[in-house]
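What follows is each chain in one-letter form.
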Amino acid sequence: MMRMAVFAVVLGLVTFWLHRRLVVASDLRRGTGRVVDAVLVLFWAAAVVGIGSGEVLDPAWARYVAYPGLSWLAVLLYLVLGSVLIALLAGLMRLGAAAARRDGTDARRTTVRRANTVLVLGTVAAVGYGVVDAASPEVTRTEVGLPGLPASFDGMRVAVVSDLHVGPARGDRFVAGVVDEIMAQSPDLILVAGDLIDGTTELVGPALAPLSGLEAPLGVFVTSGNHEFYAGDGGQWLDLFDSLGPTVLRNESVQLRRGSDTIDLVGIEDLTAPEPYQPDLPAALSGTDRDDFQLLVAHQPKQALEASDLGVDLQVSGHTHGGQIWPIPYLVPLQQPTVQGLDTIGNTTIYTTRGAGAWGPPVRIGAPPEITMLELRTAA
């Protein structure tokens, strides 16, 4: 509730600033200004409901308000960025008018009004596109050449999915669609790399029921993400995942057998998980033969730094969303060593999936949602 209240205040201040930029600075007529202010206030309220949905408010009803409210946050991102640029333009015009010793108020207001109109229309178009793009995760296929991969595992098809973020804006229908898409690929192994939810087990847990439909010859495995620990005890979420059928890897490893060969599948907790769920890769690797091929599931790409030091061959991760909404992808490298796709960190090959869902705004711009199919190949 406290987070919801803080968010309401901060968002209220942003909304008031936008009122100043879109209504006052544009010198809108009274009727038009009131309409703009009404839109700002209504979406402010819907966004507050969105933040509380899944944790404080039951998404069974709140989702209908939360979906447009959370989408509004993407609108705000572009309105704020655009308004800052327009304010700088107005400031330059004011300086130019002062240097010329003339009053440029009318020209400046006209320019601001027109620029604001372009900004609003462009923002609505961009976010509208992003809402549609985020609704249907695409299946991407990547072949990964791996020295040391046993011959029996050559050609193994691994489905990787993460970051569903079910709860505030997405429910069981979205989960069922993701499950159906994964099963349509007939993978040999399914790995779920955390951040399945946003909310509490009581309010959001039922929406994950379709996960029980996941199955693969070599198994279905889940690891935690940071969001599992944001609302209450993350251990309750891990227990729920277990109850749905997938095997939750909690700083542990299992041996997968295919033909005459084996590999070690290792799963660790999220990098930021609190006590007593801290990640412990050395403990997860204990009992394994370091000469064997090791496949690690870890939510954050940053965890590959330690994995490389400990000799892990392949890591799959999520967390980054590929940045989710442009221009955020340019900021992600400040926090993670890789953003999306296939990469190498030290001695470890890593694939970072963009994730199937979206955090906050159910919007994707420049980073479409992804269900990953990896085909592992033995490299010379």
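Residues numbered from 1 in each chain as written. Predicted model: local features only at pLDDT ≥ 70, side-chain atom pairs only at ≥ 80, totals over all residues. Heavy atoms only, no water.

**Details of the environment of Ser26**
Okay, so step 1: You can see Ser26 is positioned in the loop between α1 (2-24) and α2 (30-52).
Okay, so step 2: Using a relative accessible area of 1% as the deciding quantity, one classes Ser26 as buried.
Okay, so step 3: For Ser26 and Thr117, which are 91 residues apart along the polypeptide, the C-alpha to C-alpha distance reads 9.6 Å.
Okay, so step 4: Within the local environment of Ser26, its side chain forms a polar contact with the side chain of Asn116, the two groups lying 2.5 Å apart. (Helix = DSSP H or I, 4+ residues; strand = E, 2+ residues; numbered from the N terminus. Buried < 20%, exposed > 50% of the residue type's maximum accessible area, 1.4 Å probe, protein only. Polar contact = N/O pair within 3.5 Å; in protein donor to acceptor, adjacent residues only side chain to side chain.)

**What about empty space enclosed by the protein?**
Okay, so step 1: Applying the stated criterion across every chain, the model contains 1 cavity of 30 Å³ or more.
Okay, so step 2: The element that contributes the greatest number of residues to the lining of the largest cavity is helix α5 (residues 172-184), accounting for 3 residues.
Okay, so step 3: Across the lining of the largest cavity, the residue classes tally to 7 nonpolar, no polar and no charged. (1 Å grid on protein atoms, 1.4 Å probe; cavity = no way out; pocket = protein on both sides within 12 Å on 5 of 7 lines; lining within 4 Å. Points joined across faces, edges and corners; volume = space filled by probe spheres on them. Nonpolar A, V, L, I, M, F, W, Y, C, P; charged D, E, K, R; others polar.)

**Quick notes on the sheet that holds strand β7 (residues 261-267)**
Two modes of strand pairing occur in sheets, parallel and antiparallel, and in both the strands are linked by backbone hydrogen bonds.
Okay, so step 1: A sheet is described by the order of its strands in space; here 6 strands give the open sequence β6-β7-β8-β9-β11-β10, paired in mixed fashion. Looking along the sheet, the strands with just one partner apiece sit at the ends: β6 (252-258) and β10 (341-345). Averaged over all pairs of adjacent strands, the angle between strand axes in this sheet comes to 25 degrees, irrespective of strand direction.
Okay, so step 2: With 4 bridges joining them, β7 and strand β8 (residues 294-297) adopt parallel strand pairing. Within the sheet, the bridge partner assigned to Asp264 lies in β8 and is Gln294. (Pairing = 2+ DSSP bridges. Axes fitted to C-alpha atoms, helices over the stretch in contact; angles between N-to-C directions.)

**Comments concerning α1**
Okay, so step 1: Here α1 contains 23 residues, and its C-alpha end-to-end distance of 32 Å stays within 8% of the 33 Å for a straight helix at 1.5 Å per residue.
Okay, so step 2: All of the buried residues in α1 are Met4, Phe7, Ala8, Leu11, Thr15, Leu18, His19, Arg21, Leu22 and Val23. (Expected span 1.5 Å × (residues − 1).)

**Observations concerning the UniProt feature "domain: Calcineurin-like phosphoesterase" (unreviewed entry) in the chain**
Okay, so step 1: In the numbering used here, UniProt assigns the "domain: Calcineurin-like phosphoesterase" (unreviewed entry) feature to residues 156-322.
Okay, so step 2: Along residues 156-322 the backbone is 23% helical and 22% strand, and the end-to-end C-alpha distance reaches 25 Å. (UniProt positions renumbered as here; feature names shortened; annotations may be inferred.)

**Some points on the side chain of Asp198**
Okay, so step 1: Mapping Asp198 onto the fold places it in the loop between β3 (189-192) and α6 (201-204).
Okay, so step 2: Of the side chains with opposite charge, Arg3 lies nearest to the buried Asp198, which makes no salt bridge, at 6.4 Å.
Okay, so step 3: Among the polar contacts made by the side chain of Asp198, one reaches the side chain of His165 at a distance of 2.7 Å. (Lys, Arg positive; Asp, Glu negative; His and termini not counted. Salt bridge = Lys/Arg side-chain N within 4 Å of Asp/Glu carboxyl O.)

**Remarks on the packing of aromatic side chains**
Okay, so step 1: On inspection of all chains with the given rule, the structure shows 4 aromatic pairs.
Okay, so step 2: Residues Phe229 and Tyr277 carry aromatic rings whose centres are separated by 5.5 Å and whose planes lie at 40 degrees to one another, so their mutual orientation is tilted. Highlighted residues: Phe229 in the loop between β4 (220-222) and α7 (234-243) and Tyr277 in the loop between β7 and α8 (281-285), separated in sequence by 48 residues. Here Phe229 and Tyr277 have matching classes, each one buried.
Okay, so step 3: Measuring from centroid to centroid gives 6.5 Å for Trp326 and Tyr330, while their planes differ by 80 degrees, and the two rings are edge-to-face.
Okay, so step 4: The exposure class assigned to Tyr330 is exposed, which follows from its relative accessible area of 62%. (Phe/Tyr/Trp six-rings, centres within 6.5 Å; stacked < 30°, edge-to-face > 60°.)

**Points about the environment of Ile350**
Okay, so step 1: Topologically, Ile350 is positioned in strand β11 (residues 348-352).
Okay, so step 2: Classification of Ile350 as buried rests on a relative accessible area of 0%.

**Re the UniProt feature "transmembrane region" (unreviewed entry) in the chain**
Okay, so step 1: On the UniProt side, "transmembrane region" (unreviewed entry) is annotated at positions that read residues 35-57 and 69-93 here.
Okay, so step 2: Secondary structure across residues 69-93 divides into 100% helix and 0% strand, with the first and last C-alpha atoms of the span separated by 35 Å.

**A few points about the layout of surface pockets**
Gaps left between atoms show up when a probe the size of a water molecule is rolled over them.
Okay, so step 1: Considered as a void within the structure, the largest pocket measures approximately 1100 Å³ in volume.
Okay, so step 2: Residue lining of the largest pocket: 41 residues in total, with His227, Gln324, Trp359, Gly360 and Pro361 positioned closest to the centre.
Okay, so step 3: Along the lines of polarity and charge, the residues of the lining of the largest pocket split into 22 nonpolar, 14 polar and 5 charged.
Okay, so step 4: Of the pockets and cavities examined, the second largest pocket occupies roughly 440 Å³.
Okay, so step 5: Around the second largest pocket sit 23 residues that line it, and Leu22, Val39, Leu79, Val120 and Val124 are the ones nearest its centre.

**Focus on the sheet that holds strand β12 (residues 370-379)**
Okay, so step 1: Ordered by their spatial adjacency, 6 strands build an open sheet running β1-β12-β2-β3-β4-β5, and the pairing between neighbours is mixed. A strand with exactly one partner marks an edge of an open sheet, and here the two such strands are β1 (138-147) and β5 (247-248).
Okay, so step 2: Pairing of β4 with β5 involves 2 bridges; the strand directions are parallel. Bridging across to β5, Phe221 finds its partner in Thr247.

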